[in-house]
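Take a look at the letters that make up each chain.
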Number of protein chains: 2
Amino acid sequence: MGKPAPEAKPGATIYSVAEHAGVSIATVSRVLQGAAVVAEATRQKVLTAVDELGYTPLGAARSLAVRHHEAHGLVLPELSGPYYAELLMGFEARAAELDQSVVLVLTGSRTDLVAAVRQLATRVDAIAVFGSAAIPADVVRMLRAKKPVVVIAGEPHDGIEAVAAENLGSARELAGHVLDHGRRRVLFVGDPDSGPDVRNRHAGFVAAHRDRGLDAAEPVRVALSEADGAAFARRLLAGEHEADALMCANDELALSIMTALQDAGRDVPGDIAVVGWDDVMTSRYVRPGLTTVRQPVHELGALAASRLHELVSGEPPREDAQTLPTQLVVRSSCGCA
Amino acid sequence: MGKPAPEAKPGATIYSVAEHAGVSIATVSRVLQGAAVVAEATRQKVLTAVDELGYTPLGAARSLAVRHHEAHGLVLPELSGPYYAELLMGFEARAAELDQSVVLVLTGSRTDLVAAVRQLATRVDAIAVFGSAAIPADVVRMLRAKKPVVVIAGEPHDGIEAVAAENLGSARELAGHVLDHGRRRVLFVGDPDSGPDVRNRHAGFVAAHRDRGLDAAEPVRVALSEADGAAFARRLLAGEHEADALMCANDELALSIMTALQDAGRDVPGDIAVVGWDDVMTSRYVRPGLTTVRQPVHELGALAASRLHELVSGEPPREDAQTLPTQLVVRSSCGCA
DNA sequence: CTGTTAGCGCATTCAA
DNA sequence: TTGAATGCGCTAACAG
């Protein structure tokens, strides 16, 4: 077992350390912040005292004195699926480089979103918010009045800065690829109103049709989860929709639909092509491999953290959308060999 | 576009609000905390002033005064794959219920882990740490000397509390299931030294053999990622190992190995059975479906958050491991129809 | 190179 | 029901 680790003792403050080391609190602060020059001898005395007392500075006191939290807030809808997790990893990594703590709020688990973000604004210097319908625009505006804000995967609005991955162009390319396989009854599966991302993917879908003098069908408005995909697949199999190709708003949807169709005896892509968006891990494992679009999600998170830091440092918000390039990943679910 | 959202104004403090409302700061504090009784008229004056000034309290000042951060720290290795994400969601959800902020540290992105957690201890009341080899025991002990700590997916050590999902019994059951299919050259793939979780799964593997009077083979020590699984699969195909079944330490490993074997023409489970651990999404989609073990990951995260809160509230650490039950999920990769 | 001192913004006694 | 005063622990001038 080993001996019990010493328990947390509350006591030690900068005063007790100073006293223990026989110096002033200013000196303690100096050696701990490495700010000014301190004689090596005193430095050691302080370090020893810190160690002996198990001193842990009180972040709140420092924040109050320096008038910075040295923390970034991040508001995400949830974390299921690889997309948000990857985004968060990118954000955290960059924040770490900038010596900023990360305070996370997931809106999915909140009954009172407004109170949660208001509370968040209380303890961070700036906040990144994911731009989905799960986080209403007026909440973002409310935040903006308190702290610097950047919207992730959204569009610049009312002077609120945004960062995003490219959607329209890649969606146009992807839809064009499917159409060029000769498919003529292509359905867009996903709700363009669920957020700027899906809206732009749908816009690309429409544009690809227009490019070829075709009319795009109305989008099938379903949410972006496995369950919604399965429900749609049932409706499709029941004959409610007619299609020889499906362009799904994300991979989760595409995968659950594709699998359901296959389980029902349909041939993908023979009978019907299916493509997605995100390039999640599963998309490489299924047969046929899912044709999709890869986003630089990690970089997107990192960019958000970088921009927050620059905004805190006094840089003005950017008016233009900062867009990261995406990449079409062609496998075989689209009809390619 | 809409009109620009008002920018963050730094000014407002409890003093400016008090002045604006014509009351004392004590009254402002009272209405904002809802603590004491305040006359409805004054209450409204204060609320109006708060609104007009766009007042956001400074969390650091509050923390300093109340001597609590009202925040929990969470230290995780990374977030790829559904396991940690789900854990984090459970943790965050429970923390939210308890009105605690969540400060996240991912060790994967840190060059100096010790500095990162030391810094973390500065701004939270208590810390949950994932108990893998990625986070050394002495780091945990160091933390323990500063703040209440609970180790997730670990074992109680030196008076440090732990919460975990059940591993040994389910592993014994899973390995037994495979052996009862008549497989006799079963390999455990994963490094028992990578953490208590894998160690216990391996122990169950060994126990299942012992139950049947068999000898368990030495574990194949590989890390828990897709890439490591693919590398192992190549070695297996090259004849470096001989096996008619693989019990993998997690699903990521199992999936990448299974797919690699299939791509090389091997029949799963005909030629070789493959089972995993975690029940990730992909495990339902692959063919054959992956036999695995489902953990209550969300609940595990929630339990950690609950315990942190109780420790902060003065409850003593528990000596015994708090273990959540797991569930064997039988699909067909094990040899079942 | 080091010590003294004055806030940082809030919660909270204690009086009134 | 309200206000005045004090201190939470730290940083950062300013003096020496």
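Residues numbered from 1 in each chain as written. Chains lettered and ligands numbered in written order. Predicted model: local features only at pLDDT ≥ 70, side-chain atom pairs only at ≥ 80, totals over all residues. Heavy atoms only, no water.

A short note on the overall build of chain A
Along its length, chain A carries 13 helices and eleven strands. For chain A, the C-alpha radius of gyration of 26 Å lies well beyond 20 Å, the compact-globule estimate for 337 residues. Projected onto its principal axes, the C-alpha coordinates of chain A cover approximately 85 × 55 × 35 Å. Relative to its full complement of 337 residues, chain A shows a buried share of 55%. Across chain A, contacts joining residues at least 24 apart in sequence account for 70% of those joining residues at least 6 apart. Surface exposure of chain A reaches about 14,000 Å², of which carbon and sulfur atoms provide 51%. Taking the average location of the 33 positive side-chain charges in chain A and that of its 43 negative ones, the two points are 4 Å from each other. (Helix = DSSP H or I, 4+ residues; strand = E, 2+ residues; numbered from the N terminus. Rg over C-alpha atoms; globule rule 2.2 N^0.38 Å. Buried < 20%, exposed > 50% of the residue type's maximum accessible area, 1.4 Å probe, protein only. Contact = heavy atoms within 4.5 Å. Areas by Shrake-Rupley, 256 points an atom, 1.4 Å probe, with all protein chains shown as cover. Lys, Arg positive; Asp, Glu negative; His and termini not counted. Charge placed at Lys NZ, Arg CZ, Asp CG, Glu CD.)

Side note on the protein's contact with DNA strand C
Lining the immediate environment of DNA strand C, one finds 28 residues, of which Arg30 of chain A together with Ile14, Ser29, Gln33 and Tyr55 of chain B sit closest. The sugar-phosphate portion of DNA strand C accounts for 62% of its atoms within 4 Å of the protein, the bases making up the rest. The contact in question runs from a base oxygen of DNA strand C to an N or O atom on the backbone of Ala65 of chain A, over 3.5 Å. In this structure, a phosphate oxygen belonging to DNA strand C sits 3.1 Å away from a side-chain N or O atom of Arg62 of chain B. Those elements that provide at least two residues to the surface near DNA strand C are helix H2 (25-33) and helix H4 (59-66) of chain A together with helix H1 (14-21), helix H2 (25-33) and helix H4 (59-66) of chain B. A total of five residues in the surface near DNA strand C trace back to one element, the largest contributor, which is H4 of chain B. The residue makeup of the surface near DNA strand C, split by class, is 19 nonpolar, six polar and three charged. (Near = heavy atom within 4 Å. Polar contact = N/O pair within 3.5 Å; in protein donor to acceptor, adjacent residues only side chain to side chain. Nonpolar A, V, L, I, M, F, W, Y, C, P; charged D, E, K, R; others polar.)

Quick word on the protein's contact with DNA strand D
Inspection of the region around DNA strand D gives 29 residues, with Ile14, Ser29, Gln33 and Tyr55 of chain A together with Thr42 of chain B positioned closest. Among the atoms of DNA strand D lying within 4 Å of the protein, the sugar-phosphate backbone contributes 69%. Ile14 of chain A places a main-chain nitrogen or oxygen 2.3 Å from a phosphate oxygen of DNA strand D. Tyr55 of chain A is positioned such that a nitrogen or oxygen atom in its side chain is 2.2 Å from a phosphate oxygen of DNA strand D. Residue assignment for the surface near DNA strand D shows that the elements contributing at least two residues are helix H1 (14-21), H2 and H4 of chain A together with H2 and H4 of chain B. Along the lines of polarity and charge, the residues of the surface near DNA strand D split into 19 nonpolar, seven polar and three charged.

Examining the pattern of salt bridges
Between side chains of opposite charge, pairing is possible as soon as their charged atoms come close. Here the structure, examined in full by the defined rule, presents 38 salt bridges over all chains. As a salt-bridge pair, Glu97 of chain B and Arg94 of chain B come within 2.6 Å of each other at their nearest N and O atoms. Of this pair, Glu97 of chain B and Arg94 of chain B both sit in helix H5 (residues 82-97), three residues apart, roughly one helical turn. The exposure class of Glu97 of chain B is exposed, given its relative accessible area of 56%. Given a relative accessible area of 25%, Arg94 of chain B falls into the partly exposed group. Each of Glu161, Arg307, Glu310 and Glu315 of chain A takes part in one network of salt bridges that share partners. (Salt bridge = Lys/Arg side-chain N within 4 Å of Asp/Glu carboxyl O.)

Looking at the interface of chain A and chain B
Listed as interface residues are 66 residues of chain A and, on the opposing side, 67 residues of chain B. At the junction of chain A and chain B, the tally comes to six salt bridges. Linking Arg110 of chain B and Glu92 of chain A is a salt bridge whose minimum nitrogen-to-oxygen distance equals 2.5 Å. For the interface between chain A and chain B, the tally reads 23 residue pairs in polar contact (both at pLDDT 80 or more). Only H4, helix H5 (82-97), strand S2 (101-106), helix H6 (113-121), helix H7 (137-144), helix H11 (251-263) and helix H12 (282-285) of chain A provide two or more residues apiece to the side of chain A that touches chain B. For the side of chain A that touches chain B, the residue count by class is 32 nonpolar, 16 polar and 18 charged. Where S2 of chain A and strand S2 (residues 101-106) of chain B come together, three bridges link them in antiparallel fashion. Pairing of Leu104 of chain A across the sheet is with Val102 of chain B, part of S2 of chain B. (Pairing = 2+ DSSP bridges.)

Topic: the relation of the copies chain A and chain B
When chain A is brought onto chain B, the operation consists of a screw motion whose angular component is 180° and whose axial shift is 0.1 Å, with 0.1 Å RMSD remaining. In the structure described here, the two chain copies are related by an operation that fits a two-fold rotation axis. (Least-squares fit on C-alpha atoms with pLDDT ≥ 70 in both.)

Here we look at a nonpolar patch on the surface
Residues Leu58 and Leu64 of chain A together with Leu58 and Leu64 of chain B make up a contiguous nonpolar surface patch of roughly 280 Å² in combined accessible area. As for its placement among the helices and strands, Leu64 of chain B is situated in helix H4. (Patch = residues over 30% accessible without salt bridge, like charges linked within 9 Å, V, L, I, M, F, W, Y side chains within 5 Å.)

As for the packing of aromatic side chains
All names here are of chain A. Per the stated rule, a full pass over the model turns up eight aromatic pairs over all chains. Plain terms: the ring middles of Tyr83 and Phe130 are 5.8 Å apart, the flat faces sit at 80° to each other, and that makes the pair edge-to-face. With a gap of 47 residues between them, Tyr83 in helix H5 and Phe130 in strand S3 (residues 126-130) connect regions that are remote in the sequence. Its relative accessible area of 5% is what places Phe130 among the buried residues. Judged by centre distance (4.9 Å) and plane angle (85°), the rings of Tyr84 and Phe130 are edge-to-face. With Tyr84 in helix H5 and Phe130 in strand S3, this pair connects stretches of sequence that are 46 residues apart. Given a relative accessible area of 12%, Tyr84 falls into the buried group. (Phe/Tyr/Trp six-rings, centres within 6.5 Å; stacked < 30°, edge-to-face > 60°.)

What about the sheet that holds strand S7 (residues 245-248) of chain A?
Residue and element names in this part refer to chain A. Spatially, three strands are ordered S6-S7-S8 in an open sheet, and the strand pairing comes out parallel. Strands at the two margins of the open sheet, each flanked by one partner only, are strand S6 (186-189) and strand S8 (273-275). When strand polarity is set aside, the average angle formed by the axes of neighbouring strands in this sheet is 15°. Direction of pairing for S7 relative to S8: parallel, over a ladder of three bridges. (Axes fitted to C-alpha atoms, helices over the stretch in contact; angles between N-to-C directions.)

Observations regarding the domain arrangement of chain A
We note that the domain assignment places domain 1 (14-65), domain 2 (70-165 + 297-324) and domain 3 (168-294) within chain A. A straight line from the C-alpha centre of domain 1 of chain A to that of domain 3 of chain A covers 61 Å. (Domains from an automatic or database assignment.)

Details of helix H13 (residues 297-312) of chain A
Residues and elements named next belong to chain A. Relative to the 22 Å expected for 16 residues at 1.5 Å per residue, H13 spans 23 Å between its end C-alpha atoms, a close match to the ideal helical length. For H13, the set of buried residues is Val297, Leu300, Gly301, Ala302, Leu303, Ala304, Ala305, Ser306, Arg307, Leu308 and Leu311. In the stretch just after H13, Gly314 is the one whose phi turns positive, near 105°. (Expected span 1.5 Å × (residues − 1).)

What about the environment of Leu174 of chain A?
All names here are of chain A. Of note, Leu174 is situated in helix H8 (residues 168-179). Residue classification places Leu174 among the buried residues on the basis of a relative accessible area of 0%. Taking the C-alpha atoms as reference points, Leu174 and Pro156, separated by 18 residues in sequence, lie 25 Å from one another. Among all residues touching Leu174, those that are not within four sequence positions of it are Met247, Val275, Gly276, Trp277, Thr291, Val293 and Leu328.

Brief notes about the nonpolar core
Grouped together as the largest cluster of nonpolar side chains are 100 residues, with contacts concentrated most on Leu76 and Ile152 of chain A together with Leu76 and Ile152 of chain B. With 42 residues, the next largest nonpolar core counts Tyr285 of chain A together with Val275, Trp277 and Val293 of chain B among its residues. (Core = buried A, V, L, I, M, F, W, Y, C linked by side-chain atoms within 4.5 Å.)

What to know about the sheet that holds strand S10 (residues 322-324) of chain B
With respect to topology, twelve strands assemble into an open sheet ordered S10(A)-S5(A)-S4(A)-S3(A)-S1(A)-S2(A)-S2(B)-S1(B)-S3(B)-S4(B)-S5(B)-S10(B), the strand pairing being mixed. The sheet terminates laterally at strand S10 (322-324) of chain A together with S10 of chain B, the two strands that pair on one side only. The sheet shows a mean angle of 25° between the axes of neighbouring strands, direction not considered. One ladder, built from three bridges, connects strand S4 (residues 149-152) of chain A with strand S5 (residues 161-165) of chain A; its direction is parallel.

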